[in-house]
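# Results of the structural survey
Here is what each chain is made of, one letter per residue.
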Amino acid sequence: MTAEKPKAWVGDQVYDADAGKEGIVSDVKGDGTYILREVYSWALTWTIPSGENLTVTVPRRERVKKEREMSLWRASRFPG
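These notes cover the structure that comes with them. (Residues numbered from 1 in each chain as written. Predicted model: local features only at pLDDT ≥ 70, side-chain atom pairs only at ≥ 80, totals over all residues. Heavy atoms only, no water.)

### Describing the overall build of the protein chain
Where we set the bar: The helix and strand labels rest on DSSP assignments: H or I over at least four residues marks a helix, E over at least two residues marks a strand, and numbering proceeds from the N terminus. Put simply, the radius of gyration uses C-alpha atoms, and a globule should come to 2.2 Å times the residue count raised to 0.38. Each residue is placed in one exposure class: buried if its accessible area under a 1.4 Å probe, protein chains only, is under 20% of its type's maximum, exposed if it is over 50%, and partly exposed if it falls in between. Residue contacts are defined here by distance: any two heavy atoms, one from each residue, within 4.5 Å place the two residues in contact.
The helix and strand inventory of the protein chain stands at 1 helix and 5 strands. When the elements of the protein chain are put in sequence order from the N terminus, they spell out β-β-β-β-β-α. Against the 2.2 N^0.38 benchmark of 12 Å for 80 residues, the protein chain shows a C-alpha radius of gyration of 15 Å, more extended than a compact globule. With 80 residues in all, the protein chain has 31% of them scored as buried. Sequence separation of at least 24 residues holds for 38% of the intrachain contacts in the protein chain that already meet a minimum separation of 6.

### Considerations on the layout of surface pockets
Rules: In this analysis the probe radius is 1.4 Å and the grid spacing 1 Å, with only protein atoms considered; a cavity is a set of points the probe fits into but cannot get out of, a pocket is an open set with protein on both sides within 12 Å along at least five of seven lines, and lining residues have an atom within 4 Å of a point. Grid points are joined across faces, edges and corners, and a volume is the space filled by probe spheres set on the points. Three classes are used: nonpolar for Ala, Val, Leu, Ile, Met, Phe, Trp, Tyr, Cys and Pro, charged for Asp, Glu, Lys and Arg, and polar for all others, with Gly counted as polar.
By volume, the largest pocket is sized at about 260 Å³. Lining the largest pocket are Gln13, Arg37, Val39, Tyr40, Ser41, Trp42, Val58, Arg63, Lys66 and Glu67. With 3 residues, helix α1 (residues 60-77) is the largest single contributor of residues to the lining of the largest pocket. Grouping the amino acids of the lining of the largest pocket by side-chain chemistry returns 4 nonpolar, 2 polar and 4 charged.

### Some words on the packing of aromatic side chains
The geometry of an aromatic ring pair comes down to the distance between the two centres and the angle between the two planes. Here is the rule: Two rings from Phe, Tyr or Trp (for Trp, the six-membered ring) form a pair when their centres sit within 6.5 Å of each other. Planes less than 30 degrees apart are called stacked, planes more than 60 degrees apart edge-to-face, and all others tilted.
Tallied over the full model, the rule gives 1 aromatic pair. Summarising the aromatic geometry, the rings of Trp73 and Phe78 are spaced 6.4 Å apart at their centres and angled 85° between planes, so their arrangement reads as edge-to-face. Using a relative accessible area of 42% as the deciding quantity, one classes Trp73 as partly exposed. Residue classification places Phe78 among the exposed residues on the basis of a relative accessible area of 58%.

### Let's talk about the nonpolar core
The following threshold applies: Nonpolar cores were defined as sets of buried Ala, Val, Leu, Ile, Met, Phe, Trp, Tyr and Cys residues, with membership established by side-chain atoms within 4.5 Å.
Of all hydrophobic cores here, the largest spans 10 residues; its members are Ala8, Val14, Val25, Val28, Tyr34, Leu36, Trp46, Ile48, Leu54 and Val56. Elements with a minimum of two residues in this core: β2 (21-28), β3 (34-38), β4 (45-48) and β5 (54-58). With near-sequence residues (within four places) excluded, Leu36 lies in contact with Val14, Ile24, Val25, Ser26, Leu44, Thr45, Trp46, Ile48 and Leu54.

Given below as structure tokens:
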């Protein structure tokens, strides 16, 4: 039995095989078009017609948990 790869969804960090880079899924339109943004930028985006060539590298839940932990660490190191 083969494990099915998880389907990318909003908030997941993914590798786009066609573009050759990682991004974060910011939206999925009704027609199946995925809108991705650069990992470290909100402004740099690109679209792909479907999520078939996306590989989830960091699921949303895990990515958000890491971001929260980093925010708490920064707050403890740099108060004020």
